Amino acid sequence: MTKYHTGGRRRPHEIALLVVAVAAAGFNLRTAITSVPPLFPDMQTTLHLSSATLSLLAATPVICFGVVSAFAAWLNRRYGEEMNLLVALILLTAGLLLRGLLPRAMLFPGTALAASAIAVLNVLLSSMAKRRWPERAGLLIGIYLTMLSVGAILSSLLSVPLYRSSGDSVRLALGVWAAPAAVAVLLWLPQLGYRHARTVPAAGNLATSLVVPVLAHRSPSQRGLVVPSLIGTAAGLAGCLWAPLGMAPFWVLVLGVSQGSCLGLAIFFMMARAPNAGVAASLSAFSQSVGYLAASVGPLMVGLLHSATGSWDIPVALLLVFCAAELATGILAARPLVLPAVTPPPAPGAHFPTRVSGTG
């Protein structure tokens, strides 16, 4: 029997199943991407790929994120978050499996399919957190972002050892990541029993990934988190380039911690500034679509500037300008405001009760 949740009391086992499912989904949000770059030198030789082809392969996920994210909110309104997230996990598993079994023919299609599925997961996990567990949404977002970081780190670290231990098998090194995705599919199945009752709303790094959304959820204004996160990002960028070489590990750590904090805040803002889960999905879809499409231009732009100037000074200076712009917009986003609710269009075939004349 389908259970509908609109924010009522939840049983402990329901919360446990939700947390486990979200954590499993989060673990798979970057494994398809970060497992590949460490294998580029070997893939270039084994699969006879050019440097340009590898560059295109690296850009494919970001482009897919930007394009597919724009459709996630529409999919959410039509089919619901739980079903969309399950289908996305199935497609992610399929893309990883195809890429592993047929790396020559399916390297690009498999990567595009997996990245498109991740785009839907990126958008809808945060809105589902707001709807399913609103009083602890910051914690739930922190859990999935932490597992995202864990998956990204493990897949990056284990790709080359897996390749070497398997006798230089690209198939195994790429396809093995379909296994945790398949586990996530199984763990997500119980969530189909908790569909959201459609309502018409009234008009109107690693530690920081977990801690920051929780702190943000407990604070009416997040300026005290935005400012140090952006200052740390700028300091990390500047330190990596201009500080003494022996200090590089420290500045890389500062940069990683700060960027983890920024990611947590960005996801939190998309959830916290929305009046309901539907608006949260739309806001997340718009933000991630525009953001990832803009980000896809970044590596090319930085590379061209470096080639033209023969130095990293101007590219890094440009990134610092972006940090300043991000700080300004982050301070605005940190204000304790909620966007006005917008009545969504009715789903196809949906029927809403109308008032009968003469009744109270």
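Scroll up to find the structure this text is about.
Computed from a prediction, not measured in an experiment: that's the story for all the values here.

### A closer look at the packing of aromatic side chains
Throughout the structure, instances matching the rule amount to three aromatic pairs. Between F65 and Y292 the ring centres are 4.8 Å apart and the planes differ by 70°, which places this aromatic pair in the edge-to-face class. Across this residue pair, the class does not change: F65 and Y292 are buried.

### Remarks on the side chain of S229
The topology assignment puts S229 in helix α11 (residues 223-242). Overall, the relative accessible area of 5% leaves S229 in the buried class. Within the structure, the side chain of S229 is placed 2.5 Å from the side chain of S261, a separation counted as a polar contact.

### Side note on the packing of helix α4 (residues 51-79) against helix α6 (residues 103-132)
It is at 7 Å that the axes of α4 and α6 come closest, and there the two elements cross at 40°. When the interaxial angle is binned, α4 and α6 end up oblique. For the element pair α4 and α6, the recorded crossing hand is right-handed. For the pair formed by α4 and α6, the contact residues are T53, L56, L57, T60, P61, C64, F65, V68, S69, A72 and N76 on the first element and L107, F108, T111, A112, A115, S116, I118, A119, V120, N122, V123 and L124 on the second. Along the lines of polarity and charge, the residues of the contact of α4 with α6 split into 16 nonpolar, seven polar and no charged.

### Details of helix α13 (residues 277-309)
For α13, built from 33 residues, the straight-helix expectation of 48 Å at 1.5 Å per residue is met to within 8% by its first-to-last C-alpha distance of 47 Å. Taken residue by residue, α13 has A277, V279, A280, A281, S284, A285, Q288, S289, Y292 and V302 as its buried positions. The inward-facing, buried residues of α13 contact α4, α5 (81-101), α6, α12 (248-272) and α14 (313-333). Once α13 finishes, G310 follows within two positions and takes phi at roughly 70°, a positive value.

### Overview of unusual backbone geometry
In this structure, H48 takes a positive phi of about 55° despite not being glycine. Among the secondary structure elements, H48 is positioned in the loop between α3 (40-46) and α4. Located in the positive-phi region is D168, a residue other than glycine, with phi close to 60°. Note on placement: D168 falls in the loop between α7 (137-165) and α8 (170-175).

### Some points on the nonpolar core
Among the nonpolar cores identified, the biggest contains 60 residues, and L92, L96, L121, L125, Y144 and W188 are the most heavily contacted of them. A total of twelve residues in this core trace back to one element, the largest contributor, which is α6. In terms of nonpolar packing, the next biggest core, distinct from the first, is built from 13 residues, F40, L54, L57 and L174 among them.

### Some words on the packing of α11 against α14
It is the contact of α11 with α14, at a shortest axis distance of 9 Å, that shows an interaxial angle of 175°. Compared by their axis directions, α11 and α14 come out roughly antiparallel. Every residue of α14 that contacts α11 at R223, V226, V227, L230, T233, A234, L237, L241 and W242 is listed here: D313, V316, L319, L320, C323, E326, L327, G330 and I331.

### What to know about α14
Under the 1.5 Å per step criterion, the end-to-end length of α14 is 30 Å for 21 residues, consistent within 8% with the ideal 30 Å. Here α14 has its buried residues at P315, V316, C323 and G330. The arc that holds the buried residues of α14, viewed along the axis, is 90°, so those residues lie on one side. Against the buried residues of α14 lie α11, α12 and α13.

### A few points about the environment of L320
Counting through the fold element by element, L320 comes out in helix α14. Of the residues examined, L320 reaches a relative accessible area of 23% and is grouped as partly exposed. In sequence terms L320 and L237 are 83 residues apart; their C-alpha atoms lie 7.6 Å from each other. With near-sequence residues (within four places) excluded, L320 lies in contact with A234, L237 and W242.

### Regarding the pattern of salt bridges
Summed over the entire model, instances satisfying the criterion amount to five salt bridges. The residue R131 makes a salt bridge to E81 at a minimum N-O spacing of 2.6 Å. Residue R131 is located in helix α6, and its partner E81 is located in helix α5; the two are separated by 50 residues in the primary sequence. By the burial criterion, R131 is buried, and E81 matches it. Within this structure, E81, E82, R131 and R132 form a network of salt bridges that share partners.

### Regarding the state of the cysteines
Inspection of the entire model under this criterion finds zero disulfides. Of all cysteine sulfurs, the one in C262 lies closest to C323, which takes part in no disulfide; the gap is 7.7 Å. Relative accessible area serves as the criterion here: at 7%, C323 is assigned to the buried category.

### Overview of the environment of S35
On the secondary structure map, S35 appears in the loop between α2 (31-34) and α3. On the basis of relative accessible area, S35 is assigned to the buried category, the value being 0%. Distance in space between the C-alpha atoms of S35 and L158 is 7.8 Å, their sequence separation being 123 residues. Ignoring any residue separated from it by four or fewer positions in sequence, one finds S35 in contact with R99, S155, S159 and W177. Engagement of the side chain of S35 in a polar contact is seen with the backbone oxygen of T31, the distance being 2.6 Å.

Rules used in this analysis
- Residues numbered from 1 in each chain as written.
- Predicted model: local features only at pLDDT ≥ 70, side-chain atom pairs only at ≥ 80, totals over all residues.
- Heavy atoms only, no water.
- Phe/Tyr/Trp six-rings, centres within 6.5 Å; stacked < 30°, edge-to-face > 60°.
- Buried < 20%, exposed > 50% of the residue type's maximum accessible area, 1.4 Å probe, protein only.
- Helix = DSSP H or I, 4+ residues; strand = E, 2+ residues; numbered from the N terminus.
- Polar contact = N/O pair within 3.5 Å; in protein donor to acceptor, adjacent residues only side chain to side chain.
- Axes fitted to C-alpha atoms, helices over the stretch in contact; angles between N-to-C directions.
- Parallel < 35°, antiparallel > 145°, perpendicular 65-115°, else oblique.
- Left-handed = near helix turned anticlockwise from the far one by under 90°.
- Contact = heavy atoms within 4.5 Å.
- Nonpolar A, V, L, I, M, F, W, Y, C, P; charged D, E, K, R; others polar.
- Expected span 1.5 Å × (residues − 1).
- Core = buried A, V, L, I, M, F, W, Y, C linked by side-chain atoms within 4.5 Å.
- Arc of directions from axis to C-beta.
- Salt bridge = Lys/Arg side-chain N within 4 Å of Asp/Glu carboxyl O.
- Disulfide = S-S within 2.5 Å.

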